[in-house]
There are 4 protein chains.
Amino acid sequence: MRRIEVTTLDREPTDAASAATMKALIYEGPGRRAWKDAPRPAVRDAGDAVVRITTTTICGTDVHILKGDVPTVTPGRILGHEGIGIVDAVGPAVSRFRAGDRVLISCVSACGTCDLCRRAMYSHCRTGGWILGNTIDGTQAEYVRTPHADTSLYHVPADADAEALVMLSDILPTAFECGVLNGKVQPGDTVAIVGAGPIGLAALLTARLYSPAAILMIDVDANRLQLSRQFGATTGIDNSDGTAIDRVMALTNGAGVDVAIEAVGVPASFDICQSILAPGGRLANIGVHGKPVTLHLEKLWDRNIAITTRLVDTAAIPMLMKLVDAGTLQPARLVTHRFRLEHIMKAYDIFSSAAQERALKVILTRSPSDGSSQEVQS
Amino acid sequence: MRRIEVTTLDREPTDAASAATMKALIYEGPGRRAWKDAPRPAVRDAGDAVVRITTTTICGTDVHILKGDVPTVTPGRILGHEGIGIVDAVGPAVSRFRAGDRVLISCVSACGTCDLCRRAMYSHCRTGGWILGNTIDGTQAEYVRTPHADTSLYHVPADADAEALVMLSDILPTAFECGVLNGKVQPGDTVAIVGAGPIGLAALLTARLYSPAAILMIDVDANRLQLSRQFGATTGIDNSDGTAIDRVMALTNGAGVDVAIEAVGVPASFDICQSILAPGGRLANIGVHGKPVTLHLEKLWDRNIAITTRLVDTAAIPMLMKLVDAGTLQPARLVTHRFRLEHIMKAYDIFSSAAQERALKVILTRSPSDGSSQEVQS
Amino acid sequence: MRRIEVTTLDREPTDAASAATMKALIYEGPGRRAWKDAPRPAVRDAGDAVVRITTTTICGTDVHILKGDVPTVTPGRILGHEGIGIVDAVGPAVSRFRAGDRVLISCVSACGTCDLCRRAMYSHCRTGGWILGNTIDGTQAEYVRTPHADTSLYHVPADADAEALVMLSDILPTAFECGVLNGKVQPGDTVAIVGAGPIGLAALLTARLYSPAAILMIDVDANRLQLSRQFGATTGIDNSDGTAIDRVMALTNGAGVDVAIEAVGVPASFDICQSILAPGGRLANIGVHGKPVTLHLEKLWDRNIAITTRLVDTAAIPMLMKLVDAGTLQPARLVTHRFRLEHIMKAYDIFSSAAQERALKVILTRSPSDGSSQEVQS
Amino acid sequence: MRRIEVTTLDREPTDAASAATMKALIYEGPGRRAWKDAPRPAVRDAGDAVVRITTTTICGTDVHILKGDVPTVTPGRILGHEGIGIVDAVGPAVSRFRAGDRVLISCVSACGTCDLCRRAMYSHCRTGGWILGNTIDGTQAEYVRTPHADTSLYHVPADADAEALVMLSDILPTAFECGVLNGKVQPGDTVAIVGAGPIGLAALLTARLYSPAAILMIDVDANRLQLSRQFGATTGIDNSDGTAIDRVMALTNGAGVDVAIEAVGVPASFDICQSILAPGGRLANIGVHGKPVTLHLEKLWDRNIAITTRLVDTAAIPMLMKLVDAGTLQPARLVTHRFRLEHIMKAYDIFSSAAQERALKVILTRSPSDGSSQEVQS
């Protein structure tokens, strides 16, 4: 590896930084996690930054990892792919950031220049993609090393709301790109969203950017359906009795919906989506699927429909930041619980029982200036 | 029904025309067809035309109907949804055509003005769609009644090639709209077409309108693969040994294809398509499916792909006519056999054994001026 | 002309209806208009409807006509191309409407089936386009004949707000199609609208359907700029001192705007638009121009910009109706004055001095059930 | 500037390389150019490559520069922004290329990662754009320093045709992106190209990738119009008598063209374009304009047209390389003259009298392995 010069905020020698330790949330195999000491990361490649985390959160994917469902994640890995922080050090090839900058970390690390990045398919970057908290150590720690920093971090103004912006690391661009953009939501459309968890609610928030005429939210959790209404859904459909398809068809006078957004990731929810599409409709899949689904081409072959999949590219982060700044988009509404970063084990407990705890997104904070952090239990 | 005035070429009274008979190919239940007398059609609705057929052809769908696979077709139905002819009579609401006009008949009858027609989804017209040779009598007859004539017929110049243009009733727009347009074929793309029958070859001819860099044709019929090469495929892949997927991946250096066009309509061919898509790829289904397929969302959920279906809308007919006229598109290359219309029973025999007979499209003709017709066995 | 059967609400014979008179606003040459008797229209072509007007309004174009600026309008013409009413009679080819139906009249009469209509360019319909109150008599009358009724009228629910919906005859689709759609307004965009009159404000209302981050409204009328802020503009820029360009560039940190919408129709406002475009920007012209403009290609040739023009096609009416029904769009906010139809001469006086009178849109009503009408001076 | 390590083919120390000289074509003020010694370039920034030129060419823009029309070019500048060569040295941040690689040089140097590059507007790169042979030394020399090498160079296979590929440095992507893509050429379209010089002919070659039904070529040079026919134009229109507009309208039966491509850069040619557009047409400007034009908005405001400008982004280079490799695109047909690089002064003489010399593109070559080069006068 090429020797590089590293500049840090506190002028510590690189070697010393490497030797230092920090606290981190570590995956220790299926069902096992720990908040404990880990080596503090240092710049390794010329395009790296090291970021001191000030705000992070827990993603549904982290819970899947803990169940052992994500084979690329091996024991010993620091989890987390979302975060706001302060740049602590940058490699010599980093030109847009320097130590002291406040930044938003994309869940996707992208070189920005390979053939797939040039098509804005950053999630498929030849040397990046979703690697944080997956194949390299992640953001649920005091410090994180972020590769391809110039094209994977975003400047955050000093007065910006970290709770709102940390939602832009993953969940909002995921819902927007995979659900709303792929679903081609247009003004006047009727949109159904299957799954009113954090991702489904983020799809609801971002679908509204295109002014659909109706948003039908389908779930089995009465609390989440009620929240959906507060977030702007025109109708909440409780599918506890399995009649969602019939009710959507009745609500649309038999026409079906223009856009069906799958925000769960199981065959049953995909099946609802494919059953309620109007001719010309779009089925935008967001969910992470572990099993194949049955696609009823015998019914759909002549329906002029489109089914799309996508891994979030986070290409929309700059646009979403503008809308948060303008007050048009309020992603902090997804935040239900707040903890100090050092209490992340408790936060995981809450988040792992999200429905019972009425939890959506859980914020973990650490003071930007010193070791202390604030905790507000909402 | 509203009483209407009807004008005919030969000034026969309408009642007499209704009473007259003609010859037609009639579906008589699964496995049974006959060329026999049927009542000659008359204008029934104000927007109707009656067309004297001069050229028609047989579609793969007609063979499916004969197997009993299309429940909307009931015994007694005159088959056929493709044709060129001379307008014999028009209803009073028809403003663009009059008796004596030479016309191309779209396989889709569309009012042009309902909500779905206004979105150019003519196949889903509220009072039309694919009805000819399906829910109303079709074109494999001496005369056919065509509803919504103003928006379902196209003027054909006197010197135009009927063999080329009859391919525009169905097969070319089907391949182009469902395969090429839905697949968003772009210059430089690598395109795979699964199925080298008439539809697959029509997809090949029309995909070339967008100058892809490579077209990989996949089939199990050596003759058809050889034809594919003559039609411009860069590679023919014989899947007799079931290794098509591996060979496509090898040919694309593991990348997969930008566009996979399904032109068969069975789970196995769909499966090839979903297995060879590059990230960002498009799977455009043309095939008529009778069974569900297994969609491997557990592999595809993060691949940024799109899967599309469509029933041909024939919105592309005017454009395709321009390209035939310009000599850019030569659909008559699909014609392998020619018969007089009265020999249609034999033509069906040939077409039903298409692979053995090396048959693609079979042309049936009748003289435009009198009762005689020419036959050239190619 | 073909003889046709006509059905009317009141079962009067067609001839009698033709002979009857009504009141109408008639253009009598430059600067001259009168509210006086005119022959009551009857169905003439098979696709016609006759509509009894219940709500209409005055368009800026009507004022231009009165100045003699629109040479296609000849003395004796009944003005008006916007309206809500009750169908009084329909021709035999009309299938979607019948006497008694409450309808919205599009300012564009379109056959729906010619080559240009099939491309949704209804304003360029081969036998229609903007003809009402232009080359045929219009809607500022007790009755109007509307050609191509099936594709130029829209059903209005009994409980719908006529004031809101009459804005959908012309001004809202004009602003939306020519300004917002052509300008490709996207979430997060910075949009400038030059001209805060009724059309510019309608562009503001409909631009918001796509959630831009900023809308800069440019005008010289302080009252209208204040209204703009109430309607959702982020900044109002008073160009009385001619510094709008500098101020837009300052507000955008020198970058310029993503979309500039020209809503006046004079060279000076076009010039502002072309001077404030960011690289990649879109200039969407709505204004009706009477003179050429100077296009600074020597500055713009390398700026990756697009300039668009369009005559409203009203293709967006069904979508806009959904959004009015959903409460997302509130076009009645544009209404400032209300009169009985018989007081239209006074309404013209007010509207012709719009700035001084602080007038935007002026509503003229007539009772749907009898001859009386309500007047509320706002 | 940061100190960097440089690797070179011949292991010469960087300082020595900097001190070395080479031959280059130098602009010495309006009307003056010289082939003379210049310092051989070295890597300066971490992302630079130094390329040993083996093939280059002369662009019409170079002739404009020599006339003094491009104020950003100052005396002493080495001209040229097109080229094929062998990488001689790379800076430490270059990861995709190394010494010895054969490369195509884009006329646009782009970082690939700034906000405008991420929108694929490479020509507006915050730290690049068209700088070669403009604000930094260019390719008409034995060596050139190319900034942002990873995102501005393209690998060229050993067996690829340099004459064909050097056309992809500028002229083909310019014609394709600014003319064909911006003009949205579609199958079946009628396209007019005003200007049959190298750029116009390149627009013709690349427009054909989308299979228009007709391409009308307009020029005043009979030789170039004849060439156009050989290149696939359906009609050549000699505008020597100023009747081009009338003849286009006659050829299109009064309809006008779907796409008008401006490939000259003067008001007269723009005027032809705006006068022949059909409703819904697109006017794609390629020409470099030195003066404003008169835009007839009083005629065009209601025509549903789009006018676009663009500086070539060369985003299409990878796609065009595929089509050259596939044999679909044959840009070497534009080459009329060939010289050794050291005879570039003579080549400029020829190219500056292009019409008289029947010159299109002039190829300048130098042996890849040693100092010698081949010359073939075509």
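Residues numbered from 1 in each chain as written. Chains lettered and ligands numbered in written order. Predicted model: local features only at pLDDT ≥ 70, side-chain atom pairs only at ≥ 80, totals over all residues. Heavy atoms only, no water.

### Examining the pattern of salt bridges
All names here are of chain A. Applying the stated criterion across every chain yields a total of 62 salt bridges over all chains. In this structure, the salt-bridge partner of Asp-189 is Arg-282, at a minimum N-O distance of 3.0 Å. In this pair, Asp-189 is assigned in the loop between helix 5 (171-181) and strand 9 (190-194) and Arg-282 in strand 13 (residues 277-285), connecting sequence segments 93 residues apart. Given the relative accessible area of 10%, Asp-189 is considered buried. Given the relative accessible area of 15%, Arg-282 is considered buried. Three or more residues joined by partner-sharing salt bridges are found here, namely Glu-177, Arg-310 and Asp-313. (Salt bridge = Lys/Arg side-chain N within 4 Å of Asp/Glu carboxyl O. Helix = DSSP H or I, 4+ residues; strand = E, 2+ residues; numbered from the N terminus. Buried < 20%, exposed > 50% of the residue type's maximum accessible area, 1.4 Å probe, protein only.)

### Notes on the domain arrangement of chain A
All names here are of chain A. Its domain assignment divides chain A into domain 1 (7-170 + 314-365) and domain 2 (175-308). For domain 1 and domain 2, the distance between their C-alpha centres works out to 29 Å. Counting from both sides, the interface comprises 18 residues of domain 1 and, opposite them, 15 residues of domain 2. Between domain 1 and domain 2, a total of about 1300 Å² is buried, with carbon and sulfur atoms accounting for 68% of that surface. Three residues stand out in domain 1 for area buried against domain 2, namely Arg-333, Leu-334 and Leu-360, and they jointly supply 40% of the buried area on that side. There are zero salt bridges connecting domain 1 and domain 2. Of all the secondary structure elements, the ones that give two or more residues to the side of domain 1 that touches domain 2 are helix 11 (317-326) and helix 13 (354-357). Broken down by class, the residue content of the side of domain 1 that touches domain 2 amounts to twelve nonpolar, three polar and three charged. (Domains from an automatic or database assignment. Contact = heavy atoms within 4.5 Å. Buried area = accessible area lost by both parts, 1.4 Å probe. Nonpolar A, V, L, I, M, F, W, Y, C, P; charged D, E, K, R; others polar.)

### Thoughts on the packing of helix 6 (residues 198-207) of chain B against helix 7 (residues 222-231) of chain B
Residues and elements named next belong to chain B. Two elements in contact, helix 6 and helix 7, have axes separated by 10 Å at closest approach and are oriented at 20°. Between helix 6 and helix 7, the interaxial angle falls into the category roughly parallel. Seen from above, helix 6 lies across helix 7 with right-handed handedness. Across from Pro-198, Leu-201, Leu-204 and Leu-205 in helix 6, the residues of helix 7 making contact are Arg-224, Ser-228 and Phe-231. Each residue belonging to the contact of helix 6 with helix 7 can be placed in one class, and the counts come to five nonpolar, one polar and one charged. (Axes fitted to C-alpha atoms, helices over the stretch in contact; angles between N-to-C directions. Parallel < 35°, antiparallel > 145°, perpendicular 65-115°, else oblique. Left-handed = near helix turned anticlockwise from the far one by under 90°.)

### A word on the pairing of strand 3 (residues 33-39) of chain C
Residue and element names in this part refer to chain C. With seven bridges joining them, strand 2 (residues 21-27) and strand 3 adopt antiparallel strand pairing. Bridging across to strand 3, Ile-26 finds its partner in Ala-34. Linking strand 2 back to strand 3 in an antiparallel pair, the connection comprises five residues, with Gly-29 at a positive phi of about 105°. (Pairing = 2+ DSSP bridges.)

### Regarding the relation of the copies chain B and chain C
For the pair chain B and chain C, the best superposition has an RMSD of 0.0 Å and corresponds to a rotation of 180° with a translation of 0.0 Å parallel to the axis. Given the turn and translation reported, the copies of this chain are related as if by a two-fold rotation axis. Of the residues that chain B buries at the interface, 100% are likewise interface residues in chain C, meaning the two copies contact each other through the same surface. (Least-squares fit on C-alpha atoms with pLDDT ≥ 70 in both.)

### Observations concerning helix 7 (residues 222-231) of chain D
Residue and element names in this part refer to chain D. Those residues of helix 7 that sit buried are Asn-223, Arg-224, Leu-225, Leu-227, Ser-228 and Phe-231. Structurally, helix 7 contributes buried residues whose contacts are with helix 6 (198-207), strand 10 (214-219), strand 11 (235-238) and helix 13 (354-357). A distance of 2.8 Å separates the backbone nitrogen of Asn-223 from a side-chain oxygen at the start of helix 7, and that oxygen is part of Asp-221. (Polar contact = N/O pair within 3.5 Å; in protein donor to acceptor, adjacent residues only side chain to side chain.)

### Quick look at the environment of Leu341(A)
Residues and elements named next belong to chain A. With respect to the helices and strands, Leu-341 occurs in the loop between strand 16 (335-340) and helix 12 (344-352). On the basis of relative accessible area, Leu-341 is assigned to the buried category, the value being 2%. When the C-alpha positions of Leu-341 and Ala-24 are compared, they lie 9.2 Å apart, and in sequence the two are 317 residues distant.

### Observations concerning the sheet that holds strand 9 (residues 190-194) of chain B
In space, the twelve strands of this open sheet follow the order 11(A)-10(A)-9(A)-12(A)-13(A)-15(A)-15(B)-13(B)-12(B)-9(B)-10(B)-11(B), with mixed pairing throughout. Looking at strand neighbours, the two that pair on one side only are strand 11 (235-238) of chain A together with strand 11 (235-238) of chain B, the edges of this open sheet. Averaged over all pairs of adjacent strands, the angle between strand axes in this sheet comes to 15°, irrespective of strand direction. Bridge analysis of strand 9 of chain A against strand 12 (residues 257-262) of chain A gives four bridges, and the strand direction is parallel.

### Considerations on the pairing of strand 6 (residues 102-105) of chain B
Residue and element names in this part refer to chain B. Side chains of strand 6 alternate between two faces, with Arg-102 and Leu-104 and Val-103 and Ile-105 buried alike. Looking at chain direction, strand 5 (residues 83-90) and strand 6 are connected through four bridges and run antiparallel. Counted as the bridge partner of Ile-84 is Leu-104 from strand 6. Relative to strand 8 (residues 153-155), strand 6 runs antiparallel, the two sharing three bridges. The residue of strand 8 that forms the bridge with Ile-105 is Leu-153.

### Let's talk about the sheet that holds strand 13 (residues 277-285) of chain C
Strand order in the open sheet formed by twelve strands is 11(C)-10(C)-9(C)-12(C)-13(C)-15(C)-15(D)-13(D)-12(D)-9(D)-10(D)-11(D), with mixed pairing between adjacent strands. Edge positions in the sheet fall to strand 11 (235-238) of chain C together with strand 11 of chain D, since each of these pairs with one other strand and no more. Going from strand to strand, the sheet's axes swing by 15° on average, the running direction of each strand aside. Packed onto the sheet, helix 9 (residues 267-275) of chain C meets strand 9 (190-194), strand 10 (214-219), strand 12 (257-262), strand 13 and strand 15 (306-308) of chain C and runs at close to 155° relative to strand 13 of chain C.

### With respect to the side chain of Asn285(C)
Checked against the element boundaries, Asn285(C) lands in strand 13. Look at Asn285(C) and you get buried, because its relative accessible area is 0%. A distance of 2.8 Å separates polar atoms of two side chains, one belonging to Asn285(C) and the other to His289(C). Those residues within four positions of Asn285(C) in sequence are excluded, and the remaining contacts are Cys178(C), Glu262(C), Phe270(C), Thr308(C), Thr309(C), Arg310(C), Leu297(D) and Trp301(D).

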